[in-house]
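Breakdown of the fold
Each chain, letter by letter, is given below.
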Amino acid sequence: MNRSVWIGLIGGLAVIGATLGGYALWQPEAQQTATMTVPAAAKTDGQGAYKEFVLEAKESNWVLKEGLEVPAWTYNGTVPGGQVRVTEGDRVKVVLNNSLSEPVSIHWHGYPVPNAMDGIPGVTQNAVKPGESFTYEFVATVPGTYWYHSHQDGANQVDRGLYGTLVVEPKQPTVTYDRDYTLVLDEWNPQMFGATAEKGKSSTDHSGHDRGNSNTGDGMDHSGHDMSGMSGEMTHDAMMKMMYNVYTVNGKAGSDIGRLEVTKGETVKLRFINAGFMRHRVHLQGQPYRITHTDGQAIADAPLLEGAEMFEIAPGERYDIEFVADGTPFTIDYHDEAEAARELKIPVVYTGDLKAVDREADGEANPALVDISRYGKGDAAAAQPIYDIEKHFVLDSKKDSNGNEVYTINGKTFPNTEQVNVKKGQQVKFTLTNPGTSDHPMHLHGHFFRVLSKDGKAVSGAPLLKDTLNVRPGETYEIAFTADNDGNWMLHCHDLHHAAAGMMTHVNYD
Ligand code: C2O
Ligand code: CU
């Protein structure tokens, strides 16, 4: 398809965008890599109207970039899978049809669905076997940016592309955006699919994993993530950086990454979602912006940041940012230690002038990192309830008796980690400490938690609400939540290799 056809299509999308929110990544000549929305069928049942979406888990030969195709596992044939986009108040049904040869599920990451809809094989449902279907149902009451992914053998299935995005639009928006783009970050290890190694170094074999329902109560793979073929001296993080040598935005790498088109003066919303297992550091090259939401929830009094300030997005996290296009093109780029990460660049271009420009006016190699914990205001201590339950979790790693690196909570690996039993209505506080050397983006299912303090300093009186929090080496956070959603919920690291290797527990309601 040629350029003018795409310009025409984008014109059409911009019109749709006025009501739906434009969500596409624009591709100049190559195939469209947009995060397409899944069509919603308006239906009615005994309880009234609902919107129905159909997602088919299936294999798809997915081109990460020219010359690099992988047999990805997808929802509806694309990576990311189609966007499920609904409006606050909608009743939602999502029919999952499994056309893969492995059992799968859908977990609605960050969205507080009823427990039976949380998509955890062996805990909230049976894995959806090949040829089977399952219908997820919930009412979209909490606006925000979320995502979905398989929670069956997640370290493997999510790695292969089984994820997509969920956006709940507010019924009465306080800000209207001229552009609304969803940008899903991920990183790939093409060699796990047998692709020819570009750098010919790593050889991590995922094929030996048991992908059946492992029956350990979480749907993840506990067969032990065996990286013993790798150099014994390497840290887990170093190995990951070597293995994952292709970085993608909406499933595309390098020059196949599209451009974002804006017009001067427009208010642009970017929804960043990290579906990978590595953190990404994002920088806007001199274009001032605000971080308006994290994990879908609004940040109080979001300050205007210099483009020279970058934010970090850990596995599982979401950051919505907003900027008013100031007329100078720029590139959204990445500042991570990994060489491959630096190839991740999203040009932001202006209508009528589609040249991509590296705006290096601010030219710093290492822009300042925004500390999310500086948001919020007031005195957290004043607002603190009495906690019914307080737990301290130390997140670390060690070698098990076979010499494999395992990831631990208070020295134990799942299923031997301490589980937390709560009663509905209780106030629960966790202290999370990371004495090790790897990041641990901890994710609690079914709830938003308040971030109370970081390294002993109060974070927020207007609480920062999150569902995924990166506890970096040396850090300690206090978080708290109200037990308001009955069920049996996972708490785990969203480096899903760490989760599969032990860093996981449950919060159970009595
Ligand atoms: Cu996004 Cu338990 O996971
Ligand atoms: Cu971890």
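A short tour of the structure in this document, coming up. (Residues numbered from 1 in each chain as written. Chains lettered and ligands numbered in written order. Predicted model: local features only at pLDDT ≥ 70, side-chain atom pairs only at ≥ 80, totals over all residues. Heavy atoms only, no water.)

Notes on the environment of Gly-286
Note the following rule: Starting at the N terminus, helices and strands are each numbered in turn, a helix being any DSSP run of H or I of at least four residues and a strand any DSSP run of E of at least two.
Within the secondary structure, Gly-286 sits in the loop between β14 (280–283) and β15 (290–294). Separated by 42 residues in the primary sequence, Gly-286 and Thr-328 place their C-alpha atoms 9.1 Å from one another.

Comments concerning the coordination of the copper ion (ligand 2)
Threshold: Nitrogen, oxygen and sulfur within 2.8 Å of a metal are treated as its donors, or within 3.2 Å for sodium, potassium and calcium (Na, K, Ca); water is not counted, so a site can appear incomplete. Buried means the residue's accessible area, taken with a 1.4 Å probe over protein chains only, is under 20% of the maximum for its type, while exposed means over 50%, and partly exposed covers the values in between.
Binding of the copper ion (ligand 2) to the protein goes through His-440 (ND1), Cys-493 (SG) and His-498 (ND1), at separations of 2.0 to 2.1 Å. Look at where the donors of the copper ion (ligand 2) fall in the sequence and you get H-x52-C-x4-H. Here His-498 lies in helix α5 (residues 496–500) and His-440 lies in strand β26 (residues 440–444), a separation of 58 residues in the sequence. Assigned by exposure class, His-440 and His-498 land together as buried.

Details of the sheet that holds strand β8 (residues 144–149)
Put simply, the rule reads: Two strands form a pair only when DSSP identifies at least two bridges running between them. Axis definition: a line fit to C-alpha positions, over the contact stretch in the case of helices; interaxial angles, taken between N-to-C directions, run 0 to 180 degrees.
Spatially, the 4 strands line up as an open sheet ordered β4-β9-β8-β6, and their pairing is mixed. Strands with a single pairing partner mark the edges of an open sheet, and in this sheet they are β4 (81–87) and β6 (107–109). Each strand of the sheet is rotated relative to its neighbour by a mean of 25°, with strand direction disregarded. Both β6 and β8 contribute to a ladder of 3 bridges, which runs antiparallel. Within β8, the position partnered with Trp-108 by the bridge is Tyr-148.

Section: the side chain of His-492
Short version of the rule: Here a polar contact is recorded for every N or O atom pair within 3.5 Å, except that within protein the pair must consist of a potential hydrogen donor and a potential acceptor, and residues adjacent in sequence are included only if both atoms are side-chain atoms.
Checked against the element boundaries, His-492 lands in strand β32 (residues 488–493). Engagement of the side chain of His-492 in a polar contact is seen with the side chain of His-151, the distance being 3.4 Å.

Quick word on empty space enclosed by the protein
As a reminder, the rule being used: Grid points spaced at 1 Å over the protein atoms alone were grouped into cavities, where a 1.4 Å probe fits but cannot get out, and pockets, open sets with protein on both sides within 12 Å along at least five of seven lines, with lining residues defined by an atom within 4 Å of a point. Grid points are joined across faces, edges and corners, and a volume is the space filled by probe spheres set on the points.
A complete count under the given rule lists 5 cavities of 30 Å³ or more for this structure. If you add up the space inside the largest cavity, you get close to 180 Å³. Lining of the largest cavity is provided by 15 residues; of these, Glu-312, Tyr-319, Val-370, Ile-372 and Arg-472 occupy positions nearest its centre. Sorting the residues of the lining of the largest cavity by element identifies β17 (309–313) and β30 (468–471) as the ones contributing at least two each.

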